[in-house]
Amino acid sequence: MLQNVTAVVLDGVNPFELGVVCEVFGTDRSDDGLPVYDFAVASAEGPRLTSRAGFALHVEHGLDRLESADLIAVPAGARYESREFPPEMLEALRRGVARGARVLSVCTGVFALAAAGLLDGRRCAAHWRHADELARAYPRLTVEPDVLYVDEDPVITSAGTAAGIDACLHLVRKEQGPEIANKIARRMVVPPHRDGGQAQYIERPLPRAQGDTVAEVLVWMDRHLDREVTVEQLAARAHMAPRTFARRFQQETGTTPYRWLLRQRVLLAQRLLEATDETMDAIADRAGFGTAAALRHQFVRVLGTTPNAYRRTFRCGRTDAGPVTAEPPAAAAGAGAA
């Protein structure tokens, strides 16, 4: 069951990380036919808190709200990597897991789960800046430093800030199926998932343009993925010489036009495999690969699995509980490169 969700917070909670949990589970999207969660925020340090950004929070619920939760989320907060956590909060987390609830951490919220002993003997994700520190402080856990999240049911841990979105949507997908997760993701305007099945690499997010020079061309490319285009044609749309366009494209997106197109086409193919019963030839045509053989070749090259295997995994709503591989931070600028 995934119906009753509580985010437990402390003084200094990070607004974005708390907002991630609120956005996925605390927003009423029943107008789109999506489930409405019984969502609440609970404080372990009294009703009046101050966020890390400096604004005040009035929290209605205390730790007793955790007792009925199917999912207890722990967003990051100031100095979570070094602070002492309230013993009653740690005990509430342990009781939750003991009675069958799940716990999910966002970024440095993982330190609270570790302090509660819930990660002993388990793998976990952590922000790359805190991975070594977490491993030193809690030697009985195993940190997976290069992943977005790890699902060691009933304990789910996510890495940096936005990885909390990945972990939350993963849990929705796991419990309620890909259609629900995809619809929530579309309302949030985020990728439905950046993970794969058992042997798949993550969907590495495409770098956004850092300037306006190629922005309009990117929009056109995204809307015409089924077309074969050349750098010369794209440069003409941008009113540039081909070499100038290629250089500007690399500077502003961190990748080449070919690699950008390839990643977008693979992402479209993934969505079609999840949401439709179209044939591989039809999907290959719509996504710009031309043939099913070309689709299969690029799909395996980028994601490490075949289109058929991907469809079997995600159309039935089953997801892997293992870690989701991510590129190391140093490579983030070129994350779209194949």
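Refer to the structure printed above.
A brief structural summary. All values derive from a computational prediction rather than experimental measurement.

For the rest of this paragraph, the subject is unusual backbone geometry. Cis geometry marks the peptide bond from D153 to P154; its omega dihedral reads 15°. When you line up the elements, P154 lands in the loop between β9 (149–152) and β10 (155–158). With phi around 60°, R79 is a residue other than glycine that occupies positive phi space. You can see R79 is positioned in the loop between β5 (71–74) and α2 (87–98). One non-glycine residue, V189, lies in the positive phi region at around 60°. Residue placement: V189 occurs in the loop between α6 (178–188) and α7 (215–223).

Here we come to the environment of V103. By the element assignment, V103 lies in strand β6 (residues 102–105). A sequence separation of 30 residues divides V103 from A73, and the C-alpha atoms of the two residues are 5.7 Å apart.

A word on the packing of aromatic side chains. How two aromatic rings sit relative to each other is set out by the distance from centre to centre and by the angle between their planes. Under the defined criterion, the tally for this structure stands at four aromatic pairs. Ring centres 5.4 Å apart and planes at 90° place the aromatic pair Y80 and F85 in the edge-to-face group. F85 shares its class with Y80; the two are buried.

A few words now on the nonpolar core. L2, F25, L104, V172 and I184 are the most contacted members of the largest nonpolar core, which totals 38 residues. Of all elements in the fold, only β1 (4–9), α1 (15–25), β5, α5 (163–176) and α6 reach the threshold of two or more residues within this core. With near-sequence residues (within four places) excluded, I184 lies in contact with V24, R29, L34, Y37, L169 and V172.

Reading the values: the criteria
- Residues numbered from 1 in each chain as written.
- Predicted model: local features only at pLDDT ≥ 70, side-chain atom pairs only at ≥ 80, totals over all residues.
- Heavy atoms only, no water.
- Helix = DSSP H or I, 4+ residues; strand = E, 2+ residues; numbered from the N terminus.
- Phe/Tyr/Trp six-rings, centres within 6.5 Å; stacked < 30°, edge-to-face > 60°.
- Buried < 20%, exposed > 50% of the residue type's maximum accessible area, 1.4 Å probe, protein only.
- Core = buried A, V, L, I, M, F, W, Y, C linked by side-chain atoms within 4.5 Å.
- Contact = heavy atoms within 4.5 Å.

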